[in-house]
Amino acid sequence: MSLGSRAAAVFGGAARRAAAIPWRGIVSDSLSRAFLVAKTLCAVHVVNAHLCGVAFVLGPSMLPTMNLTGDVVAVDRITARWGSVAVGDVVLLLSPENPRKTVAKRIMGLEGDAVTYLVDPAKGDESKTAVVPKGHVWVQGDNIYASRDSRQFGPVPYGLIQGRIFCRVKRTPFESIISGHQKVLDLSVKRRSSVESSFCQFASISAIYKHVCWYNCCYLTITAGRTDRPCFCNESCFDMKFL
Amino acid sequence: MSLGSRAAAVFGGAALAKTLCAVHVVNAHLCGVAFVLGPSMLPTMNLTGDVVAVDRITARWGSVAVGDVVLLLSPENPRKTVAKRIMGLEGDAVTYLVDPAKGDESKTAVVPKGHVWVQGDNIYASRDSRQFGPVPYGLIQGRIFCRIWPPESFGFIGQKA
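The rules behind each value
- Residues numbered from 1 in each chain as written.
- Chains lettered and ligands numbered in written order.
- Predicted model: local features only at pLDDT ≥ 70, side-chain atom pairs only at ≥ 80, totals over all residues.
- Heavy atoms only, no water.
- UniProt positions renumbered as here; feature names shortened; annotations may be inferred.
- Buried < 20%, exposed > 50% of the residue type's maximum accessible area, 1.4 Å probe, protein only.
- Helix = DSSP H or I, 4+ residues; strand = E, 2+ residues; numbered from the N terminus.
- Pairing = 2+ DSSP bridges.
- pLDDT = per-residue confidence, 0-100.
- Contact = heavy atoms within 4.5 Å.
- Polar contact = N/O pair within 3.5 Å; in protein donor to acceptor, adjacent residues only side chain to side chain.

Under an unreviewed UniProt entry, the name given to chain B is Mitochondrial inner membrane protease subunit 1, and the organism recorded is Ananas comosus. Recorded under Subunit (unreviewed entry), the UniProt text for chain B is reproduced unchanged: "Heterodimer of 2 subunits, IMP1A/B and IMP12." Recorded in UniProt for chain B, the comment headed Subcellular location (unreviewed entry) runs: "Mitochondrion inner membrane".

An unreviewed UniProt entry lists chain A under the name Mitochondrial inner membrane protease subunit 1, with Ananas comosus as the source organism. Check the Subcellular location (unreviewed entry) section of the UniProt entry for chain A; it says "Mitochondrion inner membrane". Listed in UniProt under the heading Function (unreviewed entry), the comment for chain A reads: "Catalyzes the removal of transit peptides required for the targeting of proteins from the mitochondrial matrix, across the inner membrane, into the inter-membrane space."

And the structure:
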């Protein structure tokens, strides 16, 4: 066989095999599957954005209600859309300082309320009062020592609220997010001796209050106390100090 | 109802739900339609109302510019959506007439980080940043780029000088 006819045979065979592949079926199959994926994503998105969404929140500003290292939470979109958020609700909102950032804070005042707040609790007892204007809310983090909130950026327009956080998803079954200020004090955690060296999240509270407690696991027992100041643990973690 | 017509009804309902979901996703994230009325944006927009096309991507991307007409939630009433023109971005110093019907007094304000300054084109009859201050960027819902009804005033809405 000459070179030319051998090449023709190879190409001819390839063309025949290509013609035998059911292209129409493959294309229509993949299109219909792609449509199915698109439809599912649309439906998931609509539910997530308008009924009940899921978010991951992290940071020290909502300790002890939420973990420093992050929580997966369920966000109720209907309450915020309906306008029935109340004082004490934890909400997700767009930060007025950076619209690409979503923050979680607790509502401390609705429009028309007079809110009294500690300006900078790490630096003294000075407190101020502000009236929340129409269409705005006053938000504060539970950990007022390490939270950038309405005390710094003022009352927040209601339109920035994205939803109300009502539930935390954990390894053990769902745990409801504490609504209302009083219940923060109901936390009770065991006290451990200083010999144990496991790292615990509550050790991070002491870092915020400038007491380093990383080596000793220091759980706090809070049975009763003041509603406006949380506790911290000192360096040796032998006893707890109530501010 | 026979089995066939019941199945057809379910199918029709599911198809309707899927279509509505898709329409909503496009409307909320790509290009939406809105009806705006009022005197605050005369002469750019009619007093009695216009149907406009709203571009959602520009606002989401953060690339709105001075001179764009945007749709935003009112900071005074979150259930109200208003259309205004952006006169200053964060960091800009905006000089504005406080109340042009009552004289020539003008003030200057610096727009804080994460906020924009909006004003209506008709400054005599507009409640905007001159009254309620700079608006957080997160309240912007989209950029109005085209008027689609009434058909005699169909056209793109551009940036005023």
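Peer 1: Where do I start with the pairing of strand β2 (residues 50-55) of chain B in this structure?
Peer 2: When a strand is regular, its side chains alternate between the sheet's two faces. Residue and element names in this part refer to chain B. Within β2, five of the six residues are buried, leaving the element largely enclosed by the surrounding structure. Inspection of the sheet shows strand β1 (residues 31-36) paired to β2 by six bridges, in the antiparallel sense. Following the sheet pairing, G32 is matched in β2 by V54.

Peer 1: Could you clarify how one ought to interpret the confidence of the model for chain A in this entry?
Peer 2: In regions of low pLDDT, the predicted coordinates are not meant to be interpreted in detail. Per-residue confidence for chain A gives a mean pLDDT of 73, with 69% of residues at or over 70. The low-confidence segment residues 179-243 of chain A, where pLDDT is below 50, has 115 contacts with residues more than four positions distant or belonging to other chains.

Peer 1: I tried to follow the side chain of A:R106 on my own but got confused; where do I start?
Peer 2: Tracing the backbone shows A:R106 in strand β4 (residues 102-109). In this structure the side chain of A:R106 is engaged in a polar contact, spanning 3.5 Å, whose partner is the side chain of A:T65.

Peer 1: Honestly, the UniProt feature "active site" (unreviewed entry) in chain A in this entry has me stumped. Any pointers?
Peer 2: Residue and element names in this part refer to chain A. If you check UniProt for "active site" (unreviewed entry), the listed places come out as S61 and K105 in our numbering. A maximum C-alpha distance of 7.9 Å places the annotated residues, which cover 45 residues in sequence, within one compact spot. Assignment of secondary structure puts S61 in the loop between β1 (52-57) and β2 (71-76). Setting aside chain neighbours within four positions, we find S61 in contact with A104, K105, G141, D142, N143, A146 and S147. Side chain to side chain, S61 and K105 meet in a polar contact 2.8 Å long. Within the element layout of this structure, K105 appears in strand β4. Classification of K105 as buried rests on a relative accessible area of 4%.

Peer 1: Even after reading the chapter, I still don't get unusual backbone geometry, so can you show me in this structure?
Peer 2: For residues besides glycine, phi is generally negative; the peptide bonds are generally trans as well. Residues and elements named next belong to chain B. P43 follows L42 through a cis peptide bond whose omega is -5°. Here P43 is to be found in the loop between β1 and β2. Of note, the bond from W149 into P150 is cis; its omega dihedral lies within 30 degrees of zero at 5°. Within the element layout of this structure, P150 appears in the loop between β9 (140-149) and β10 (155-156).

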